[in-house]
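Residue-level structure breakdown
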Amino acid sequence: MKLVHISDIHIHAKPILGQDPIANFKKCLAYVETHDHDADRVVITGDLTHLGSEESYRELQAILANSSLKDRLEPRLLIGNHDSREMFASVFPNTLRDDAGFIQWTEETPAGVFVYMDTVDQGQHSGRYCESRMAWLKGALDEARRKGQRAYLFMHHNPVRVHVANADIIGNADERALQALLKEYNDTAAHLFFGHCHYTLSGAVSGVPYSAPRSTNHSCWPDFSGQINRMGYGDLAPNYHVCFLNENSTVVHSIDFLDAEKVKWRIEEGFDQH
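Now for a quick tour of the structure.

Thresholds, definitions, all that
Note on numbering: residues in each chain are counted from 1, in written sequence order. Local features are withheld for residues below a pLDDT of 70 in this predicted model, meaning they are given only at 70 or higher, and side-chain atom pairs are given and counted only at 80 or more; totals for whole chains, interfaces and linings count all residues. Values shown for side chains rest on all heavy atoms present in the structure; no hydrogens or waters enter the calculation. Put simply, two rings from Phe, Tyr or Trp (the six-membered ring, in Trp's case) pair if the centres are within 6.5 Å, and we call them stacked under 30 degrees between planes, edge-to-face over 60, tilted for the rest. Note on conventions: DSSP H or I runs of at least 4 residues are helices, E runs of at least 2 residues are strands, and numbering of each starts at the N terminus. Buried residues are those whose accessible area, probed at 1.4 Å on protein chains only, stays under 20% of the maximum for their type, while exposed residues exceed 50% and partly exposed ones sit between those limits. Only when the NZ atom of a Lys or the CZ atom of an Arg is both within 6 Å of the ring centre and within 35 degrees of the ring normal do we say a charge sits over the ring. Expected span of a helix, by definition, is 1.5 Å for each gap between consecutive residues, and there is one gap fewer than residues. The arc in question is formed by the directions pointing from the helix axis toward the C-beta atoms. We call two residues in contact when some of their heavy atoms are within 4.5 Å. Two strands form a pair only when DSSP identifies at least two bridges running between them. In this analysis, axes come from line fits to C-alpha atoms, helices being fitted only over the stretch in contact, and the angle between any two N-to-C directions falls in the range 0 to 180 degrees. For each structure, a 1 Å grid was placed over the protein atoms alone; sets of points admitting a 1.4 Å probe that cannot get out are labelled cavities, open sets with protein on both sides within 12 Å along at least five of seven lines are labelled pockets, and lining residues have an atom within 4 Å of a point. Grid points are joined across faces, edges and corners, and a volume is the space filled by probe spheres set on the points. Amino acids outside the nonpolar list (Ala, Val, Leu, Ile, Met, Phe, Trp, Tyr, Cys, Pro) and the charged list (Asp, Glu, Lys, Arg) are all regarded as polar, and Gly is one of them.

1. Some words on the packing of aromatic side chains
Enumeration over the complete set of coordinates arrives at eleven aromatic pairs. Both rings, one in F114 and one in Y152, keep their centres 5.8 Å apart while their planes meet at 65 degrees; by these two values the pair is edge-to-face. Here the residue F114 occupies a position in strand β5 (residues 112–116), and Y152 occupies one in strand β6 (residues 151–154), the gap between them amounting to 38 residues. Comparing F114 with Y152, the two get one shared label, buried. A network of ring pairs unites the aromatic residues W105, F114, Y116, Y152, F154 and F193 as a single cluster. The ring centre of F102 lies 4.0 Å from the NZ or CZ of R133, which sits over that ring.

Have a look at this one:
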């Protein structure tokens, strides 16, 4: 199964840190439309907008309406700390929510069950995964285990400390409880996808591998100085991930879509791989 994972598009009418988030997201989508139309799913893991305004959600709605990504390729939208849960749901009325009103749901896919999670603590940049949401997740993983399915988890906030102070201070405040649950289900949870940090990440937490792409607009530079108020940014390539989910493997590629024009192609004549 082929998955396109996009994150932190930050739709906003004005530039952010010198970058145009609307133009960059359109370029990202255009590249996906041209090169990844054979994907099975497209997922955007939060920070859909920069300020959670109705104007920005309407802009996103229009961009997606004009896109060729429909049906199975219609982007699954998660919210992040820059979003407004209620404003998002009002503009996207088909938003799926759990019984407590959180924007989380599950979806059957060729690779297994996709579990879309809501880690937003409204009004805070740090994340929250409360007891209600944990109970919902446990139920989803119990069901996947019962069916013998692999579960792929999607969220916005980093569920583990990444050793960058300005990211860890606004990570998931309930990380220990969530990590304990992941350890309990690491036979079922196949991979965890998130965003929030704005730089490419990979690793594992509680025995579950994870990956995260950069923002499609303002990529950041990982800084290990320990200074909470220090953030590295600049004219850095944004990206998204193309992931191949198979029974015995997960492969994640980073696509620096704005650098595509720099690529030179060479065809080897008489090439024989044997």
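2. Things to note about helix α4 (residues 131–147)
Over its 17 residues, α4 extends 24 Å from the first C-alpha to the last, a length consistent with the 24 Å expected when each residue adds 1.5 Å. Within α4 the residues assigned to the buried category are R133, M134, L137, A140, L141 and A144. The buried residues of α4 occupy one face: seen down the axis, they fall within an arc of 125 degrees. Every exposed residue of α4 that faces more than 90 degrees away from the buried side is listed here: E131 and R146. Looking at the buried positions of α4, the neighbouring elements they touch are α3 (85–91), β4 (105–109), β5, β6 and α6 (175–184). At the exit of α4 stands G148, carrying a positive phi of roughly 70 degrees.

3. Side note on the sheet that holds strand β2 (residues 41–45)
The five strands lie next to each other as β3-β2-β1-β12-β13, forming an open sheet whose pairing is mixed. Whereas interior strands pair on both sides, the edge strands pair on one side only; in this sheet they are β3 (76–78) and β13 (249–255). Neighbour-to-neighbour, the strand axes of the sheet open up by a mean angle of 20 degrees, direction not taken into account.

4. With respect to the layout of surface pockets
The volume enclosed by the largest pocket comes to roughly 460 Å³. Every element with two or more residues in the lining of the largest pocket is listed here: α2 (54–65) and β3. Ranked by the residues each element gives to the lining of the largest pocket, the list is headed by α2, at three residues. Of the residues contributing to the lining of the largest pocket, the split by class is eleven nonpolar, three polar and three charged. Space inside the second largest pocket adds up to approximately 350 Å³. Going through the elements one at a time, α5 (165–168) and β10 (220–221) are the ones with two or more residues in the lining of the second largest pocket. Among the residues making up the lining of the second largest pocket, the classes are represented as eight nonpolar, nine polar and three charged.

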